[in-house]
Amino acid sequence: MDTGNAAWMLTSASLVFLMTPGVAFFYGGMVRAKAVLNMLMLSAAALSVTAVVWTLWGWSIAYAGNDIGGIFGDPATGFLLKDTMVATDGVFGSAPVDGAAYPHSIDVAFQVTFAMITVALITGSLAERVKYSTWMIFVALWITFVYAPMAHMVWNGGLLSPDGAISNAIGAAAHDFAGGTVVHINAATAALVTVLIIGKRKGFGTQPFRPHNVPYVMLGAWLLWFGWFGFNAGSAFAANGTAGYAWMSTTAATGAAMLAWGFTEKIRSGHFTAMGAASGIVAGLVAITPAADVVSPLWAMVIGAIAGVLTCLACGLKFKLGYDDSLDVVGVHGVGGFTGTVLIGFFGQGTGLLAGGDWRQLVVQVVIALVAILYSGVITAIISFALEKTIGWRVTEAQEVGGIDLADQGERAYDFAGTASSILKEVK
């Protein structure tokens, strides 16, 4: 075992784990005070339910099971991490990964954190109106039937992989370094489909839904940027030059995206806002994710800048088209993920249209993005529609107006009444 690589991958797994709490703060600050606990709890469910499902069969479907049609792995092959965590000497966690210098246990840990953050991203579209119980069931079903198969298709030799049927047919290797399709396009498509099924919040389009804690939003964005170093640099699967380059390209693209979003916002509204800065950071992180290892520093910043402008503009589409994507999962992760995935076809070193003179890379990137949208959209629609028609997604209108925290969690995030009483007593 290479202890340096093992240490880096364990560190990366921990950094990616931190991203889900980062998402919780990022989204939690954006909602109204009466819904922040529910928002945090949705991310908590993403962590806990995914951990159980991944241990039972998720890992097997994604990575350990025998391939079935290039779409998913056999869930029984690696059920309960069978033959994954135990080596021939009987020591837990010592079984090595084929072709890698660290144990399978570290690989399982790294990959489960990707599953956690992906399903947690969806929560931003559902803010302030969905039941925690329904969400927990959705997480289990979505990880099983959408995320794990998508990971298999892209990262385990399946349909959308560099060795898959689509790449072979087009004659160019599809590239998704750390999750443009698996994570961002996947989550955003699921978010849009589910929002269309469950409907809008009361007052959407007629009253403002102002964030209750912008510092929370900024904190979440910075935690995400920090965690993203494990997300992208960890996807090198070694402590090597690729990891170092992915770290730097991630930072350069994110900085460019934040600035581009800010200037776009300044032109439109006259202000550089903190909300815009936080959203621009996330947009840049999303866009560079699939391309972090194959674009030059210049093109990394160009990808970030393009994504910053496009995502800023895209977030207004929900009002024009009438879908209540509460916290802009579609606008940031969908548009940003699609942009980063497709721009590899232009800027990929040695293969892209502008950086390699070959049109086939662009074609394969567009195709895998569209297939990811189609698969995620269809399967998520089935899951979300079934839940809507059985146990239901929404709290009642009265509970939504009164505050989902009190209705669903039986708690309030802030004791405004108690604070006011204390102040009055001190004054007296």
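Coordinates for the structure precede this section.
Residues numbered from 1 in each chain as written. Predicted model: local features only at pLDDT ≥ 70, side-chain atom pairs only at ≥ 80, totals over all residues. Heavy atoms only, no water.

### Considering the packing of helix 1 (residues 3-30) against helix 2 (residues 36-64)
Between two packed helices, what matters for the description is the angle formed by their axes and the separation of those axes.
Point 1. The geometry of helix 1 relative to helix 2 is characterised by a closest axis approach of 8 Å and an angle of 160° between their N-to-C directions. If you check the angle between helix 1 and helix 2, you find them roughly antiparallel. Our pair here, helix 1 against helix 2, has a crossing hand that is right-handed. Here Phe17, Thr20, Val23, Ala24, Phe25, Tyr27 and Gly28 of helix 1 lie close against helix 2, whose contacting residues are Val36, Met39, Leu40, Ser43 and Leu47.
Point 2. Partitioned by chemical class, the residues of the contact of helix 1 with helix 2 number nine nonpolar, three polar and no charged. (Axes fitted to C-alpha atoms, helices over the stretch in contact; angles between N-to-C directions. Helix = DSSP H or I, 4+ residues; strand = E, 2+ residues; numbered from the N terminus. Parallel < 35°, antiparallel > 145°, perpendicular 65-115°, else oblique. Left-handed = near helix turned anticlockwise from the far one by under 90°. Contact = heavy atoms within 4.5 Å. Nonpolar A, V, L, I, M, F, W, Y, C, P; charged D, E, K, R; others polar.)

### Structural notes on the pattern of salt bridges
Charged atoms that come close allow side chains of opposite charge to pair.
Point 1. Counted according to the given criterion, the structure contains eight salt bridges.
Point 2. A salt bridge links Glu128 to Arg32, with the nearest nitrogen and oxygen atoms 2.6 Å apart. With Glu128 in the loop between helix 3 (104-122) and helix 4 (132-155) and Arg32 in the loop between helix 1 and helix 2, this residue pair connects regions lying 96 residues apart in the sequence. Comparing Glu128 with Arg32, the two get one shared label, buried.
Point 3. The residue Glu400 makes a salt bridge to Arg394 at a minimum N-O spacing of 3.0 Å.
Point 4. When its relative accessible area of 23% is taken as the criterion, Arg394 is described as partly exposed. (Salt bridge = Lys/Arg side-chain N within 4 Å of Asp/Glu carboxyl O. Buried < 20%, exposed > 50% of the residue type's maximum accessible area, 1.4 Å probe, protein only.)

### A look at the side chain of Ser235
Point 1. Take Ser235: it is sitting in the loop between helix 7 (214-233) and helix 8 (241-269).
Point 2. By relative accessible area, which is 6% here, Ser235 ends up buried.
Point 3. Sequence-distant contacts of Ser235, that is, excluding residues within four places in its chain, are made with Phe110, Phe114, Phe177, Ala178 and Gly230.

### A look at unusual backbone geometry
Point 1. Here Leu80, not a glycine, exhibits a phi torsion of approximately 55°, which is positive.
Point 2. Relative to the helices and strands, Leu80 resides in the loop between strand 2 (72-73) and helix 3.
Point 3. Even without being a glycine, Leu81 presents a positive backbone phi close to 60°.
Point 4. Mapping Leu81 onto the fold places it in the loop between strand 2 and helix 3.

### With respect to the side chain of His152
Point 1. Here His152 is to be found in helix 4.
Point 2. Once residues lying within four places of it in the same chain are set aside, the contact partners of His152 are Ile61, Ala62, Asp67, Gly70, Ile71, Phe72, Gly73, Gly157 and Gly158.

### Here we look at a nonpolar patch on the surface
Point 1. On the surface, Met258, Leu259, Phe263 and Phe272 cluster together to form a nonpolar patch covering roughly 410 Å² of accessible area.
Point 2. Take Met258: it is sitting in helix 8.
Point 3. The partly exposed category is assigned to Met258, whose relative accessible area is 31%. (Patch = residues over 30% accessible without salt bridge, like charges linked within 9 Å, V, L, I, M, F, W, Y side chains within 5 Å. Areas by Shrake-Rupley, 256 points an atom, 1.4 Å probe, with all protein chains shown as cover.)

### Here's the deal with the packing of helix 12 (residues 329-347) against helix 13 (residues 360-389)
Point 1. Interaxial distance between helix 12 and helix 13 falls to 6 Å at its minimum, and their mutual angle equals 160°. Considering the angle they form, helix 12 stands roughly antiparallel to helix 13. Two packed elements cross with a definite hand, and for helix 12 against helix 13 that hand is right-handed. Here Phe338, Thr341, Val342, Ile344, Gly345 and Phe346 of helix 12 lie close against helix 13, whose contacting residues are Gln361, Leu362, Gln365, Val366, Ile368, Ala369, Leu370 and Ile373.

### Some details on the environment of Thr3
Point 1. As for its position among the elements, Thr3 is in helix 1.
Point 2. The class of Thr3 is exposed, set by a relative accessible area of 57%.
Point 3. Sequence separation between Thr3 and Ala101 is 98 residues; the distance between their C-alpha atoms is 8.1 Å.

### Some thoughts on helix 7
Point 1. In a regular helix each residue adds 1.5 Å, so 20 residues correspond to 28 Å; helix 7 covers 29 Å between its end C-alpha atoms and thus fits that length.
Point 2. The sharpest bend along helix 7 reaches about 30° and sits at Gly227. (Expected span 1.5 Å × (residues − 1). Bend = angle between axes of the 7 residues up to and from the residue.)

### What about the packing of aromatic side chains?
Describing an aromatic ring pair means giving the distance of the ring centres and the angle of the ring planes.
Point 1. Counting across every chain of the model gives 18 aromatic pairs.
Point 2. Aromatic ring contacts, followed pair by pair, group Phe110, Phe114, Trp155, Trp228, Phe231 and Phe237 into a single cluster.
Point 3. Positioned above the aromatic ring of Phe209, the side-chain terminus of Arg201 is 4.1 Å from the ring centre. (Phe/Tyr/Trp six-rings, centres within 6.5 Å; stacked < 30°, edge-to-face > 60°. Lys NZ or Arg CZ within 6 Å of the ring centre and 35° of its normal.)

### Here's the deal with helix 6 (residues 180-198)
Point 1. Helix length check: helix 6 (19 residues) gives 26 Å between terminal C-alpha atoms against 27 Å at 1.5 Å per residue, within 8%.
Point 2. Roughly 30° is the biggest bend found in helix 6, and it falls at Asn186.
Point 3. A large share of helix 6 lies buried, amounting to 16 of its 19 residues.
Point 4. Gly199 sits one or two residues past helix 6 and shows a positive phi near 90°.

### A closer look at the environment of Leu327
Point 1. Mapped onto the elements, Leu327 comes out in the loop between helix 11 (317-321) and helix 12.
Point 2. Judged by relative accessible area, which is 9%, Leu327 ranks as buried.
Point 3. In this structure, the C-alpha to C-alpha distance between Leu327 and Ile404, residues 77 residues apart in sequence, is 16 Å.

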